[in-house]
Amino acid sequence: MIDVTNISSNTTFDVDKVRQAVLATLNAHQSEDCEVSVLLTDDTRITKLNWEYRGIDAPTDVLAFAQLEGEDAELTRSNLLGDVVISLETAERQARDETHTFEAEVVLLTIHGVLHLLGYDHQSQNDASIMFEKQDTILQLLQTQQ
């Protein structure tokens, strides 16, 4: 199950693009039966979450909250993967800076967040290479399907 909720002021954003990005990422990892929740929000809300969970008092583009990590992982249902939170305000700024569409940026951030839920990270150079290669592959797959 993929649940996408938009509580941002951008009510016209097509949340189906987010669902497609989540599904493509899960399919690429044979994890179609996993549950993922995506919250599309604004900079104010994501700043609060960033402060609460990471100690950083600033907006960020995407946060991922995996359910299958840490000491309680064995107690959770194995198909409940986790939650992704995306700031549409930050995504819009980044899209302008990167000179691609707002929609493309949100799709990229969705893939990135779901990859974190699946256990990928970019703390080391090697891990970053693996994660970003996966991200690019899934993004290209989505673009060929359109």
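No experiment lies behind these values; they were computed from the predicted model shown.

**Student:** Residue-level account of the overall build of the protein, with values.
**Tutor:** Helix and strand counts for the protein come out as five helices and four strands. Since a compact globule built from 146 residues should have a radius of gyration of about 15 Å, the 15 Å found for the protein is in line with a globular shape. Along the first, second and third principal axes, the C-alpha atoms of the protein reach 40 × 40 × 35 Å. Of all 146 residues assigned to the protein, the portion counted as buried reaches 42%. If you sum the accessible surface of the protein, you get close to 8300 Å²; carbon and sulfur atoms cover 47% of it. Charge separation in the protein, taken as the distance between the mean sites of 9 positive and 26 negative side-chain charges, equals 5 Å.

**Student:** Explain the confidence of the model for the protein to me, using residue names and the numbers behind them.
**Tutor:** Of the residues in the protein, 92% have a pLDDT of 70 or more, and the chain-wide mean is 89. Highest mean pLDDT in the protein belongs to helix H2 (residues 43–54) (96); lowest belongs to helix H5 (residues 125–145) (90).

**Student:** I'd love a proper account of the packing of helix H3 (residues 88–98) against helix H4 (residues 102–117), names of residues and values included.
**Tutor:** Describing two packed helices takes the angle between their axes plus the distance from one axis to the other. Between H3 and H4, whose axes approach to 8 Å, the crossing angle comes to 120°. In this view, H3 runs oblique relative to H4, as classed from their interaxial angle. The chirality of how H3 crosses H4 is right-handed. Each of Leu88, Ala91, Glu92, Gln94 and Ala95 in H3 lies in contact with H4, whose residues at this interface are Phe102, Glu105, Val106 and Leu109. Along the lines of polarity and charge, the residues of the contact of H3 with H4 split into six nonpolar, one polar and two charged.

**Student:** Quick rundown of the sheet that holds strand E2 (residues 35–41)? Include the residues and the values.
**Tutor:** Strand pairs in the sheet, formed through backbone hydrogen bonds, run parallel or antiparallel to each other. The four strands lie next to each other as E1-E2-E4-E3, forming an open sheet whose pairing is mixed. Here the strands that pair on one side only, and so sit at the sheet edges, are strand E1 (2–6) and strand E3 (62–66). Adjacent strand axes in the sheet meet at a mean angle of 15°, parallel and antiparallel pairs treated alike. Where E2 meets strand E4 (residues 80–87), seven bridges bridge the pair, whose relative direction is parallel. Bridge assignment links Val38 to a residue of E4, and that residue is Val84. Taken strand by strand, helix H1 (residues 15–27) contacts E1, E2 and E4, and its axis lies near 150° from that of E1. H2 rests against E2, E3 and E4 of the sheet, and its axis sits at about 50° to E3.

Criteria and cut-off values
Residues numbered from 1 in each chain as written. Predicted model: local features only at pLDDT ≥ 70, side-chain atom pairs only at ≥ 80, totals over all residues. Heavy atoms only, no water. Helix = DSSP H or I, 4+ residues; strand = E, 2+ residues; numbered from the N terminus. Rg over C-alpha atoms; globule rule 2.2 N^0.38 Å. Buried < 20%, exposed > 50% of the residue type's maximum accessible area, 1.4 Å probe, protein only. Areas by Shrake-Rupley, 256 points an atom, 1.4 Å probe, with all protein chains shown as cover. Lys, Arg positive; Asp, Glu negative; His and termini not counted. Charge placed at Lys NZ, Arg CZ, Asp CG, Glu CD. pLDDT = per-residue confidence, 0-100. Axes fitted to C-alpha atoms, helices over the stretch in contact; angles between N-to-C directions. Parallel < 35°, antiparallel > 145°, perpendicular 65-115°, else oblique. Left-handed = near helix turned anticlockwise from the far one by under 90°. Contact = heavy atoms within 4.5 Å. Nonpolar A, V, L, I, M, F, W, Y, C, P; charged D, E, K, R; others polar. Pairing = 2+ DSSP bridges.

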